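Below, each chain spelled out in residue letters.
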Amino acid sequence: MNNTLDIDALVARIKAVLPESSEPIALHEPRFQGNEWAYVKNCIDTGWVSTVGTYVNRFEQSLSEYTGAKHAIAVVNGTAALHICLLLVGVERGDEVVVPSLTFVATANAISYCGAVPLFADSDKATLGMSAAKVDEFLVNHAEVRGGVCFNRQTGRRIAALMPMHTFGQPVDIDAFLALADKWKLPLIEDAAESLGTSYRGVHTGNFGIVSALSFNGNKIITTGGGGAILTNNEALAKRAKHLTTTARVPHKWSFVHDEVGYNYRLPNINAALGCAQMELLPEFLERKRQLAARYEKALKDVAGLRFFVERDEVHSNYWLNTILLDQQSMDHRDHVLEKLNISGLMARPAWVLMHKLPIFAEAPRMDLSVAEALEKSIINIPSSVILS
Ligand SMILES: *Cc1c(COP(=O)(O)O)cnc(C)c1O
């Protein structure tokens, strides 16, 4: 059998799955086909466009119902949601937070906003997310729990949280992370920005962490233009999330009193209106995205030199971004494959440059990152819009 990467076959097979198009096919574009116009117009007609309004509450309620999380707090974007999640679990200046190096910059930036430092973790080939086994191995060798608090013996800093990310909508091994969090006395935060619609053992992602973050940026499975949400099953944390994201104002009819430094992170009503309409469409979007993934899986099955990433048995994935993985011996050709796909009108992209390679995180502590380094050379995302199915 010949395992040499067959780029022409790859292009042809992807084209056969997708509709005919004279325009380049986007990686992931938003789809508005329901009540978006009506709800946004209603905001403008009534003047309720800003941070107070019925759509914000309705959007939060629909998120809570859909995900099964008791509370959802809508905020201006996913990065702000992550920032507040970290504050809610008590991350402070000088702490370290364990995050994957293979993630979007927002995950690591949110840690910096708290004055804390990312501790970069390696990836798991089976999930594309953070490796619980690698984190445990690092902690066994370099950390200790004193008085119920985890410390990094190398840096002397407190390790204050674990923040895995569900890559391209494929969840991490959540059971392993729950065990890890328990063993090392670390609060678990899920960066579920990419995984709205994804469940793990029948439970929606975002319910396993003490708090979790969603994103509704323009390229996510549903969009509010810009937006995000914090999910939690803890009522006290939900109240505090709402307080912190609404300038920490003490509720009163006319008096403006703020009892701490809060944030202006509340999602505007006009964005929430878009979100309400998109939530009505989410079940259909999910179905279509799964159909597209199934067609890719079939079409790419026997293309030499690569494989299509498929959800694991315990997972029901939203397939936010469809992913191909180049074989070990084909990884050096990644940029050539990207070139060929893009020239052929198929917008494809590599994974993010690993966080530990960015100059802004040059000083950040890290563990062996060999799997993340290999995945960075191997991953290619291919067109994944709802409209393509
Ligand atoms: C999209 C995304 C976010 C949040 O992004 P915003 O643009 O701020 O909504 C956070 N983490 C990951 C992994 C993401 O993909």
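**Things to note about the overall build of the chain**
Move 1: Helix and strand counts for the chain stand at 11 helices and 16 strands.
Move 2: Computed over C-alpha atoms, the radius of gyration of the chain comes to 21 Å, within 12% of the 21 Å expected from 2.2 N^0.38 for 389 residues, which places it in the range of a compact globule.
Move 3: Expressed along its principal axes, the backbone C-alpha trace of the chain runs to roughly 75 × 60 × 35 Å.
Move 4: Within the chain, the fraction of its 389 residues that count as buried is 56%.
Move 5: The long-range share in the chain, meaning contacts at least 24 apart out of those at least 6 apart in sequence, stands at 72%.
Move 6: Surface exposure of the chain reaches about 16,500 Å², of which carbon and sulfur atoms provide 53%.
Move 7: Side-chain charges of the chain comprise 37 positive and 42 negative groups, with the mean position of each set lying 3 Å from the other.

**Concerning the nonpolar core**
Move 1: Core analysis: the largest hydrophobic core is formed by 61 residues, its most contacted members being Leu86, Val91, Val135, Leu162 and Ile230.
Move 2: Sort the elements by how many residues they give to this core and helix H4 (residues 78-88) lands first, with 7 residues.
Move 3: In contact with Leu86, not counting residues within four places along its chain, are Val91, Val97, Ala110, Ile111, Cys114, Met163 and Ile189.
Move 4: Val40, Leu267, Ala277 and Trp352 belong to the second-largest nonpolar core, a separate cluster that totals 45 residues.

**Examining the packing of helix H2 (residues 36-46) against helix H9 (residues 269-300)**
For any two helices packed against each other, one specifies the crossing angle of their axes together with the interaxial distance.
Move 1: It is at 8 Å that the axes of H2 and H9 come closest, and there the two elements cross at 160 degrees. Considering their axes alone, H2 and H9 lie roughly antiparallel with respect to each other. Here the hand of the crossing between H2 and H9 comes out right-handed. Taken together, the residues of H9 that come into contact with H2 (itself represented by Glu36, Tyr39, Val40, Cys43 and Ile44) are Asn269, Ile270, Ala273, Leu274, Cys276, Ala277, Gln278, Glu280 and Leu281.
Move 2: Classifying every residue of the contact of H2 with H9 gives 10 nonpolar, 2 polar and 2 charged.

**Remarks on the domain arrangement of the chain**
Move 1: Per the domain assignment, the segments making up the chain are domain 1 (7-26 + 282-352 + 380-388) and domain 2 (36-280).
Move 2: Contact with domain 1, which involves 22 residues of that partner, is made by 31 residues of domain 2.
Move 3: Across the interface of domain 1 and domain 2, roughly 2,300 Å² is buried in total on both sides, 60% from carbon and sulfur atoms.
Move 4: When the area that domain 1 buries against domain 2 is broken down by residue, the three leading residues are Leu282, Trp320 and Trp352, summing to 36%.
Move 5: Counting the contacts that link domain 1 with domain 2 gives 0 salt bridges.
Move 6: Among the elements of the structure, H9, strand S13 (315-316) and strand S14 (322-326) are those that each provide at least two residues to the side of domain 1 that touches domain 2.

**Some remarks on the sheet that holds strand S15 (residues 349-350)**
Move 1: The 4 strands lie next to each other as S12-S14-S16-S15, forming an open sheet whose pairing is antiparallel. Strand pairing shows two members of the sheet lacking a second neighbour, strand S12 (306-308) and S15, which therefore form its edges.
Move 2: Where S14 lies against strand S16 (residues 379-382), 4 bridges are found, and the strand directions are antiparallel. Its bridge partner being in S16, Ile324 is matched across the sheet by Ile380.
Move 3: Packed on one face of the sheet, H9 meets S12, S14 and S16 and runs near 155 degrees to S12.
Move 4: Of the strands in this sheet, S14, S15 and S16 touch helix H10 (residues 334-343), which is tilted by about 10 degrees from S16.

**Quick look at the site of the ligand**
Move 1: Near the ligand lie 16 residues; those nearest to it are Gly78, Thr79, Glu194, Ser215 and Lys220.
Move 2: In the environment of the ligand, an oxygen atom lies 2.5 Å from a nitrogen or oxygen atom belonging to the side chain of Thr79.
Move 3: Computed on the free molecule, the ligand has an accessible area of 390 Å², of which 93% lies beneath the protein chains in the complex.
Move 4: Only H4 and helix H5 (105-113) provide two or more residues apiece to the shell around the ligand.
Move 5: With 3 residues, the top contributor of residues to the shell around the ligand is H4.
Move 6: Split into classes, the residues belonging to the shell around the ligand amount to 5 nonpolar, 8 polar and 3 charged.

**With respect to the sheet that holds strand S9 (residues 203-204)**
Move 1: Read across the sheet, 3 strands follow the order S9-S8-S13 without closing on themselves; strand pairing throughout is antiparallel. For this open sheet the edge positions go to S9 and S13, each flanked by a neighbour on one side alone.
Move 2: Pairing between strand S8 (residues 199-200) and S9: 2 bridges, direction antiparallel. Along S9, the bridge assignment pairs Ser199 with His204.

Here is what the cut-offs are and how they apply
- Residues numbered from 1 in each chain as written.
- Predicted model: local features only at pLDDT ≥ 70, side-chain atom pairs only at ≥ 80, totals over all residues.
- Heavy atoms only, no water.
- Helix = DSSP H or I, 4+ residues; strand = E, 2+ residues; numbered from the N terminus.
- Rg over C-alpha atoms; globule rule 2.2 N^0.38 Å.
- Buried < 20%, exposed > 50% of the residue type's maximum accessible area, 1.4 Å probe, protein only.
- Contact = heavy atoms within 4.5 Å.
- Areas by Shrake-Rupley, 256 points an atom, 1.4 Å probe, with all protein chains shown as cover.
- Lys, Arg positive; Asp, Glu negative; His and termini not counted.
- Charge placed at Lys NZ, Arg CZ, Asp CG, Glu CD.
- Core = buried A, V, L, I, M, F, W, Y, C linked by side-chain atoms within 4.5 Å.
- Axes fitted to C-alpha atoms, helices over the stretch in contact; angles between N-to-C directions.
- Parallel < 35°, antiparallel > 145°, perpendicular 65-115°, else oblique.
- Left-handed = near helix turned anticlockwise from the far one by under 90°.
- Nonpolar A, V, L, I, M, F, W, Y, C, P; charged D, E, K, R; others polar.
- Domains from an automatic or database assignment.
- Buried area = accessible area lost by both parts, 1.4 Å probe.
- Salt bridge = Lys/Arg side-chain N within 4 Å of Asp/Glu carboxyl O.
- Pairing = 2+ DSSP bridges.
- Near = heavy atom within 4 Å.
- Polar contact = N/O pair within 3.5 Å; in protein donor to acceptor, adjacent residues only side chain to side chain.

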